[in-house]
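Summary of the model geometry
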Amino acid sequence: HQSDMANAKSLLDTEFWVDLMEGVPLSVSPGKRFPGQKFYSKEDDGQARASRHIREQILNQGFAKINEEILPEHDESVKYSKSLCNRLAQGICRLREKAWHPIWIFIFDESYELIGNIGGPLLEMVNSSLQINWDCWAWHIDKGKQERGWPVHRDRSTMPFNNANEPKYMTVWFSLTDSTLQNSCIHVLPASRDGAYKENKPDDSELLIGAKSNKRRRTKEDSTNPAIPTPDMFTALPVTAGTPLLWSGRSLHYGSEPIPDSKLKVTKTPDEFEGCRISLACAASTHDFENPTLRIDFDPQKHDFLPSLRERVYLISVQMWTYDEQVPIPEDMKQVLEELEVLLAQDEA
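About the cut-offs
All chains use their own residue numbering, which begins from 1 and follows the written sequence. Totals for whole chains, interfaces and linings use all residues, but because this is a predicted model, local features are given only for residues with pLDDT of at least 70 and pairs of side-chain atoms are given and counted only at 80 or more. Excluding hydrogens and water, the side-chain values take into account all heavy atoms of the structure. Pairs of strands are assigned from DSSP output, requiring at least two bridges between the strands. Counting from the N terminus, the helices are DSSP H or I runs at least four residues long and the strands are E runs at least two residues long. Helix axes use the C-alpha atoms of the stretch in contact, all axes being lines fitted to C-alpha atoms, and the angles between their N-to-C directions lie in the range 0 to 180 degrees. Note on contacts: a residue pair qualifies if any of its non-hydrogen atoms lie within 4.5 Å across the two residues. Here the term buried applies to any residue with accessible area under 20% of the maximum for its type, exposed to any over 50%, and partly exposed to those in between, with areas from a 1.4 Å probe on protein chains only. We call Phe, Tyr and Trp rings a pair once their centres come within 6.5 Å, taking the six-membered ring for Trp, and we label the pair stacked below 30 degrees between planes, edge-to-face above 60, and tilted otherwise. Each ring is checked for a lysine NZ or an arginine CZ that lies within 6 Å of its centre and within 35 degrees of its normal; such an atom marks a charge sitting over the ring.

1. Digging into the sheet that holds strand β3 (residues 169–175)
Overall, antiparallel pairing links the 5 strands, which are arranged β1-β6-β3-β8-β2 in an open sheet. Strand pairing shows two members of the sheet lacking a second neighbour, β1 (63–65) and β2 (131–141), which therefore form its edges. In this sheet, adjacent strand axes meet at a mean angle of 15° when their direction is disregarded. Bridge analysis of β2 against strand β8 (residues 277–285) gives 8 bridges, and the strand direction is antiparallel. Among the inter-strand pairings, Trp 139 is bridged to a residue of β8, identified as Ser 279. Its contacts with the sheet put helix α6 (residues 109–124) on β2, β3, β6 (243–248) and β8, and the angle it makes with β3 is roughly 130°.

As structure tokens, then:
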């Protein structure tokens, strides 16, 4: 249990996190100068084509898969992304070993480097007014335990579009390990098949798919309603480690239930992460839809220094409370977070 190893004060101690990650190539350097990298250039023909493709995919279908056809393996941004993703996957494995939730990976510098240097610029290819808002999460899906990603949902069901048809809220999701049908890869409903995609209001579609995990089961009436999508209408998005996916706040998506290797008739391939799907995601929004500084005020495109440890811990605490209904916080961790709130309030007094 976390409370056996930590209290609120230790969460704000850099050495505590350094010791926790001993042997894992991650760093925690609050206030360090942000190691900005400029990978994407409009002058590069290949990257300009990639940018157009990503934008067209989002505007037409609501999602984009940044695979080798868009950015080749030898592209510097791809090599950088894969290196960071491997280190972050190791970090999340260590967190799980020590009974910490994967969201605590946002203590470490590399999470901010990956989102700031790769995720943010990719999102800005679609809408230049988007700013990273640090609505973030992380997952460690162990198919051996029949774990799965989140059930069907829209990240922002009331998200509007601007006059250029650009979404005002988007998510970038990084697969830190290979994401496959066997370990709960992402499935998304293309906008062209989604009758509710442009309606800009809450709808029932996210409650009616994946009956085993959502709020109610499909009925016969639902099955004949053309406005309600069926599982076969979704597109599976298996990706290799280091590959980002993008989708808009209105895109209907979910992490599938793992399919056993035997059912797919594939041979189990051993890897250092034992076939687990490890991933993290972060969102961006426009100021006129959702204030990007609600959680922490850190814009990688403008700020020169990484967030302080206090900001990182505060961010993770906010996210855990926000998604407590989806992912219940263990009681011992709730106690630590409540103590943390008191400490942070004292610091501000």
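2. Here we look at the side chain of Gln 131
Locating Gln 131 in the fold gives a position in strand β2. What makes Gln 131 buried here is its relative accessible area of 9%.

3. Structural notes on the packing of aromatic side chains
Throughout the structure, instances matching the rule amount to 18 aromatic pairs. Summarising the aromatic geometry, the rings of Phe 16 and Trp 17 are spaced 5.1 Å apart at their centres and angled 85° between planes, so their arrangement reads as edge-to-face. For Phe 16, a relative accessible area of 16% corresponds to the buried category. Connected via pairs of aromatic rings, a cluster forms that spans Phe 16, Trp 17, Trp 100, Trp 104 and Phe 108. The residue whose ring lies beneath Lys 198 is Phe 161, and the NZ or CZ to ring-centre distance is 4.9 Å.

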